[in-house]
Amino acid sequence: MAKPVLIANWKNYPSSFSEAKNLLGQLSRDRKFYKKLSLFIAPPLPYLESVALKSKGFARLAIQDTTNLSGGTYTGVVTPDILKSFGVGLVILGHSEQRALGETNEAVSQKVITALRSGFTPLVCVGELSRDQEGRHFEFLREQLKSSLAGLNKKTQAAKLAIAYEPVWAIGKSAIEAIGPSDLSESTIFIKKVLSDMFGRSTADRIPILYGGSVEPANAKTLFSKTGVKGYLVGHASLSAKNFKAIAIALTSK
Ligand code: PGA
């Protein structure tokens, strides 16, 4: 069985390089334990080299966004070839905080294709802004998936994707305000169905669905053991070595 996936999305934190090194030092004390997981760290870009060196052997590098520009000269842009040379393996795309800055589904779909061409695993984030009794969030999710994954070849490209279901209303809150297991199961099944309609059942079965949105030690075990998610994309709780380890323990003791 594949290892559970755990991704630390550090966003624009820690606020200083010395704090980042400190956090890495604490994480690396548990390096042996973290090998039980498929662990990625997505730091702010200036910390990339340090993360690469200090997490060797127990975590892989991820990035929080990428450009779809390649093969030209662009002041101010970090192109995928540079990131690749650091050993980056996964890229978070379509995060709601990027979408809130104006990123469209179409832009996400172009970045997915660029990321695949660059050899990265695209982790595509989707999630409704709010949930209602009429189930309109399902229509929203279907449209977001269809448009953000438009133009992909079913077998060779779609099978390399991963999806992070991150309901926007649950991000950056606390465990009690996050989604509950029955709603998460329902959304996971729905996403799987849409992927299956788009790419066929056997390809959809190969696409792991992760959850993100206020995963904390208090809800990590329940959300993992009672739903079909394959792991987590963790924001604020990944900035505390203690909380992050507690989440990792929840994933390894299903
Ligand atoms: P959170 O962030 O864990 O702080 O809610 C998750 C994310 O935005 O990826």
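Examining the packing of helix α7 (residues 136–148) against helix α8 (residues 181–199)
For the pair α7 and α8, the least separation of the axes is 10 Å and the interaxial angle reads 40°. By the criterion of interaxial angle, the relationship of α7 to α8 is oblique. The two elements α7 and α8 cross, and the hand of that crossing is right-handed. Here F138, L141, R142, L145 and K146 of α7 lie close against α8, whose contacting residues are E186, S187, F190, I191, V194, L195, D197 and M198. For the contact of α7 with α8, the per-class residue count stands at 8 nonpolar, 1 polar and 4 charged.

Side note on the sheet that holds strand β8 (residues 231–234)
The sheet built from 8 strands closes into a barrel, its strands ordered β1-β2-β3-β4-β5-β6-β7-β8 with parallel pairing. On average, adjacent strands in this sheet sit at an angle of 25° to one another, irrespective of strand direction. The pairing of strand β1 (residues 5–9) with β8 spans 4 bridges and is parallel. Its bridge partner lying in β8, L6 is registered against Y232.

A closer look at empty space enclosed by the protein
Evaluated as defined, the whole model comprises 1 cavity of 30 Å³ or more. Roughly 30 Å³ of volume is contained in the largest cavity. Every residue lining the largest cavity is listed: G94, S96, R99, C125, V126, G127, Q144, E166 and V168. For the lining of the largest cavity, the secondary structure elements donating two or more residues are α5 (96–99) and β5 (121–126). The residue inventory of the lining of the largest cavity, partitioned by class, reads 3 nonpolar, 4 polar and 2 charged.

Observations regarding unusual backbone geometry
Omega for the bond connecting Y13 with P14 falls within 30 degrees of zero, at -10°, which places this linkage in the cis form. Checked against the element boundaries, P14 lands in the loop between β1 and α1 (17–28). A positive phi angle, near 50°, is found at K11, a position not held by glycine. As for its placement among the helices and strands, K11 is situated in the loop between β1 and α1. The phi torsion at S214 lies on the positive side, around 55°, for a residue other than glycine. Among the secondary structure elements, S214 is positioned in the loop between β7 (209–212) and α10 (217–225).

Describing the pattern of salt bridges
A complete count under the given rule lists 12 salt bridges for this structure. The closest approach of N and O atoms between R131 and D183, which form a salt bridge, is 3.7 Å. Taken together, the residues span a long stretch of sequence, with R131 in the loop between β5 and α7 and D183 in helix α8 at a distance of 52 residues. Residue class for R131 comes out partly exposed when judged on its relative accessible area of 22%. With a shortest N-O distance of 2.9 Å, D197 and K193 are connected by a salt bridge. Pair noted here: D197 and K193 are both in helix α8, with a separation of 4 residues, about one helical turn. Classification of K193 by relative accessible area gives partly exposed; the value is 47%.

Remarks on the site of the ligand
Close contacts around the ligand come from N9, K11, H95, E166, I171, G172, G213, S214, L233, V234, G235 and H236, and that covers them all. K11 places a polar side-chain atom, nitrogen or oxygen, 2.7 Å from an oxygen atom of the ligand. Against a free-state accessible area of 280 Å², the protein chains account for coverage of 99% of the ligand. Here the residues of the shell around the ligand sort into 3 nonpolar, 7 polar and 2 charged.

What counts, and where the lines are drawn
Residues numbered from 1 in each chain as written. Predicted model: local features only at pLDDT ≥ 70, side-chain atom pairs only at ≥ 80, totals over all residues. Heavy atoms only, no water. Axes fitted to C-alpha atoms, helices over the stretch in contact; angles between N-to-C directions. Helix = DSSP H or I, 4+ residues; strand = E, 2+ residues; numbered from the N terminus. Parallel < 35°, antiparallel > 145°, perpendicular 65-115°, else oblique. Left-handed = near helix turned anticlockwise from the far one by under 90°. Contact = heavy atoms within 4.5 Å. Nonpolar A, V, L, I, M, F, W, Y, C, P; charged D, E, K, R; others polar. Pairing = 2+ DSSP bridges. 1 Å grid on protein atoms, 1.4 Å probe; cavity = no way out; pocket = protein on both sides within 12 Å on 5 of 7 lines; lining within 4 Å. Points joined across faces, edges and corners; volume = space filled by probe spheres on them. Salt bridge = Lys/Arg side-chain N within 4 Å of Asp/Glu carboxyl O. Buried < 20%, exposed > 50% of the residue type's maximum accessible area, 1.4 Å probe, protein only. Near = heavy atom within 4 Å. Polar contact = N/O pair within 3.5 Å; in protein donor to acceptor, adjacent residues only side chain to side chain. Areas by Shrake-Rupley, 256 points an atom, 1.4 Å probe, with all protein chains shown as cover.

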